[in-house]
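Summary of the model geometry
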Amino acid sequence: MSQTKMSKNMFEPIELNLAKSEEIAKPSLTFWQDAWRRFKKNKAAVVSLVIIGLLTMMSLIGPHLSGYGYDEQISQHANLPPRISMLENISWLPFDGELEKKNGDVYNAYEQKNVDVYYWFGTDSLGRDLFTRVWKGAQVSLYIALLAALIDMVIGVAYGMISGYFGGKVDNIMQRITEVLISIPNLVVVILMILMLKPGILSITIALTITGWVNMARVVRAQVLKLKNQEYVLAAKTLGASNKKIMVKHLLPNLTGVIIINTMFTIPNAIFFEAFLSFIGLGLQPPLASLGTLIDDGYKVLQLYPYQMLIPAVMISLIMICFNMVADGLRDAFDPKMRD
């Protein structure tokens, strides 16, 4: 086999620019900037975050827009369907105030009852404005979401960090307590609270405070057990840092992603838990409004007035879907494997 000789003419010199060789290809980003950059790539999560913001704003100002109180009853206006002045002339939209009888005949409920006002979401069987009551119920759902987040971030994180960091007998005793609490269904705790207090938001709040933080505590404990033997923690101990400073300054920042992700997945479960309790009569009591109570009221007259159940059902579904989509976006944003 002949060997080809390589001459100098076969090579071309490369001009090296030492200034450009030291340039960083991507801009320097902090942890939060990098997470936000990746979160924005998830369009569904961004849209869901915007919708949650709009729902929060409407839950605050919505009950005051129609001019009716959430418990104000006008018996002459009972069971009126949705009617919106700007949309009532569009035939394919269900905002013209018409209802269908069992035999298929269609009639205008507003003209039949000689009512010249507009109810954007209609009224219930007692003549209460559903627009006001739906946004009042959204307030309760968002309150439960905020409560679940606070319980997870305060009680669950603190409990899990202490248990995992100190270990030994402390961890053994604290984990036995969590095992007892996690074995008790939330519904049983709510019933016990009702026996001591009464059905309402206070009973649900206490029940969530007693058992709602257990899953977060277990997740945080597992992460602390993995992180407490890392080099930066051992270095802090060698330099004489206190246990409190190590947990707050070194461990907590590294747990932020896990805490946020688990909190966002806890919120929809808490919202559904409150709605379920209100639906079966263990939550808010009349005349207070909750999306669960509105669905329960609408379920009783579903065949005659389907809008009374459909509107609050769509509202609670929208809230839960948006929180789940935001949680998915945050999970991808904080996951190191998703970095590009």
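Cut-offs and rules
- Residues numbered from 1 in each chain as written.
- Predicted model: local features only at pLDDT ≥ 70, side-chain atom pairs only at ≥ 80, totals over all residues.
- Heavy atoms only, no water.
- Helix = DSSP H or I, 4+ residues; strand = E, 2+ residues; numbered from the N terminus.
- Polar contact = N/O pair within 3.5 Å; in protein donor to acceptor, adjacent residues only side chain to side chain.
- Contact = heavy atoms within 4.5 Å.
- Salt bridge = Lys/Arg side-chain N within 4 Å of Asp/Glu carboxyl O.
- Buried < 20%, exposed > 50% of the residue type's maximum accessible area, 1.4 Å probe, protein only.
- Core = buried A, V, L, I, M, F, W, Y, C linked by side-chain atoms within 4.5 Å.

**Describing the side chain of Asn108**
As for its placement among the helices and strands, Asn108 is situated in strand E2 (residues 106-108). Within the structure, the side chain of Asn108 is placed 3.1 Å from the backbone nitrogen of Glu111, a separation counted as a polar contact. The contacts of Asn108, once residues within four sequence positions are left out, are Asp96, Gly97 and Glu98.

**Some remarks on the pattern of salt bridges**
All chains considered together, the criterion is met by nine salt bridges. A salt bridge links Arg221 to Asp171; the shortest N-O distance between them is 2.7 Å. Taken together, the positions of Arg221 in helix H9 (residues 214-227) and Asp171 in helix H6 (residues 168-182) put the pair 50 residues apart, joining distant regions of the chain. The shortest N-O distance in the salt bridge between Arg331 and Asp328 comes to 3.5 Å. Here Asp328 and Arg331 lie together in helix H13 (residues 307-334), a separation of three residues that amounts to about one turn. The class for Arg331 is partly exposed, based on a relative accessible area of 38%. On the basis of relative accessibility, which here comes to 23%, the residue Asp328 falls in the partly exposed class.

**Notes on the environment of Val314**
Among the structural elements, Val314 can be located in helix H13. A relative accessible area of 47% places Val314 in the partly exposed class. Separated by 237 residues in the primary sequence, Val314 and His77 place their C-alpha atoms 24 Å from one another.

**A closer look at the nonpolar core**
Formed by 43 residues in total, the largest nonpolar core has its most connected members in Ile271 and Phe323. When residues of this core are traced back to their parent elements, those giving at least two are helix H2 (31-40), helix H3 (43-61), helix H4 (109-112), helix H5 (130-166), helix H11 (243-279), helix H12 (291-300) and H13. No other element matches the 13 residues that H13 contributes to this core. Here Ile271 is in contact with Ser141, Ile144, Ala145, Ile316, Ile319, Met320 and Phe323, once residues within four sequence places are set aside. One finds Tyr159, Met193, Ala207 and Leu208 within the second-largest nonpolar core, a separate group that totals 20 residues.

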